[in-house]
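Here is what each chain is made of, one letter per residue.
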Amino acid sequence: MKRRLIAAIGVAGMIVSIAACGSDDGEGKGGDSDALTVWLTVDAQNNWPNLVKAADAAVVKKHPGLKIKHEYYGWPDKNTKLDAVLATDKAPDVVEMGNTEMLGYMVKGAFAPLEPGKFEGSDAWLDGLKASVTYDGKTYGVPYYAGGRVANWRKDVAASVGVKTPPKTYPELTSALDKIQKKEGDKFNAWYQPTRDWYAAMSFVYDAGGAIAKEEGGQWKATLSSPESVKGLTAFKQVVDKYMHGDKTKDESDRYLVYGQGKSAMIFGAAWEGATSADPKNDKTGKLKDNLENFVMPGPSGKNMPVFLGGSDLAVPVKSHNQDIAAEWINAFTGPGGQKGLIAKGNLPNNKTDLATLKNDPATAVPATAAESNWFVPMAPGWGQVEKAQVLQTMLQQIGTGKKSVQDAAKEADAAIDKVINTK
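Residues numbered from 1 in each chain as written. Predicted model: local features only at pLDDT ≥ 70, side-chain atom pairs only at ≥ 80, totals over all residues. Heavy atoms only, no water.

We now examine the overall build of the chain. Assigned secondary structure in the chain consists of 18 helices and 14 strands. Taking 424 residues into account, the globule formula puts the C-alpha radius of gyration at 22 Å, and the chain, at 22 Å, falls close to it. Oriented by its inertia axes, the alpha-carbon framework of the chain measures out at about 70 × 45 × 35 Å. In the chain, which comprises 424 residues, the proportion classed as buried is 56%. Pairs at least 24 apart in sequence give 77% of the contacts found in the chain among residues at least 6 apart. (Helix = DSSP H or I, 4+ residues; strand = E, 2+ residues; numbered from the N terminus. Rg over C-alpha atoms; globule rule 2.2 N^0.38 Å. Buried < 20%, exposed > 50% of the residue type's maximum accessible area, 1.4 Å probe, protein only. Contact = heavy atoms within 4.5 Å.)

Turning to the side chain of Thr41, a few remarks are in order. If you trace the backbone, Thr41 turns up in strand β1 (residues 35–41). Exposure remark for Thr41: the relative accessible area of 0% places this residue in the buried category. Every residue in contact with Thr41, bar those within four places of it in the chain, is listed here: Tyr72, Tyr73, Trp75, Lys78 and Glu96.

Once that is clear, we can look at empty space enclosed by the protein. Enumeration over the complete set of coordinates arrives at one cavity of 30 Å³ or more. Taken as a whole, the largest cavity spans an internal volume of roughly 40 Å³. Contributing to the lining of the largest cavity are ten residues, with Asn99, Thr100, Leu103, Val377 and Trp383 lying nearest its centre. Among the residues forming the lining of the largest cavity, the class breakdown is six nonpolar, three polar and one charged. (1 Å grid on protein atoms, 1.4 Å probe; cavity = no way out; pocket = protein on both sides within 12 Å on 5 of 7 lines; lining within 4 Å. Points joined across faces, edges and corners; volume = space filled by probe spheres on them. Nonpolar A, V, L, I, M, F, W, Y, C, P; charged D, E, K, R; others polar.)

Formed by 113 residues in total, the largest nonpolar core has its most connected members in Phe111, Trp191, Met202, Trp329, Phe333 and Met395. With near-sequence residues (within four places) excluded, Phe333 lies in contact with Leu40, Trp48, Leu51, Val52, Ala55, Tyr144, Leu314 and Gly338. Of all hydrophobic cores here, the second largest spans ten residues; its members include Leu126, Leu129, Ile343 and Leu348. (Core = buried A, V, L, I, M, F, W, Y, C linked by side-chain atoms within 4.5 Å.)

Written out as structure tokens, the structure is:
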């Protein structure tokens, strides 16, 4: 899925009191109001409008005369418009959120709590997506679809050192990369791994049994300097030191473009990145089409690498005047029929049951298998402040450039995180 999930860093102060000023007359729980407003991103408008129509039809059949209005937004614009409208009585009834955007709004009380049991498949929601809609023990959204991360490499470069199949274990991977690096020289990136890519780095941390932070007794505490986390960060540093010979102050935002320039043999990123690199407008080598291969990233632990699980959720603003019907629409849209349609469009489903079926199809086996082991950010009230301050990126750049040791950089990051992670 070629789009970025922009981390939520809070909501305009004017909506802090939203929860307190919601309707008390029963209207907010929505009897049979004659209108429903649904905000989705342009992904739905452009790629699966039939699924939207099907959900509309199912709800209107149950509520004759109901009018459903749809508004579509690009990812960069949606939250600015949402923040403004949440301060009025014109809030939408359903809104699509990137799963990393949910936390700030949940902390501020912008979304209505939902009962998971009312949504088909909720008992099998993917762990990372379930975490993204859960705050303080309550559910404030419904997972819509998922996007995972995979490894991707050039088959021709691998074959040039005698490797003809993707690695199944981490030693097999590093052995192949060592051969590639030796053959291609130090101006080539056997593995192009941007230093500031915290999604990849934290996968190493979670693979080693570590974590960004853990909750205990209602309080969150950073754990990047724990022995397990340091082990994972050290493994990440080894990758950067051995195989990444580009600018070690870069993030992953243009990785697909760099990969398309032909000076790299492998990347580890969002599932769409390899194919986008091979697009003729990005492929500067003329060799990438039909020559790139996705595979499940093995971890140093001996298991598949846990991957950050991106995706979208659907929420009901607390100021919605039709919360019950809004929940019905979400259920119709994200239920079994909707998931089948989303899968057909190349998305990963929101649940483990459907994900398991994709493992049997060669076309979807790699992203489906990779997504089985996943992690998500700490659902702490101050997490948005951690992201805004780019604490993880700073730590990783210090580690990757050698400015600080793994241990010292991790301790400094823990101290910075602990200052804000429990603050609303």
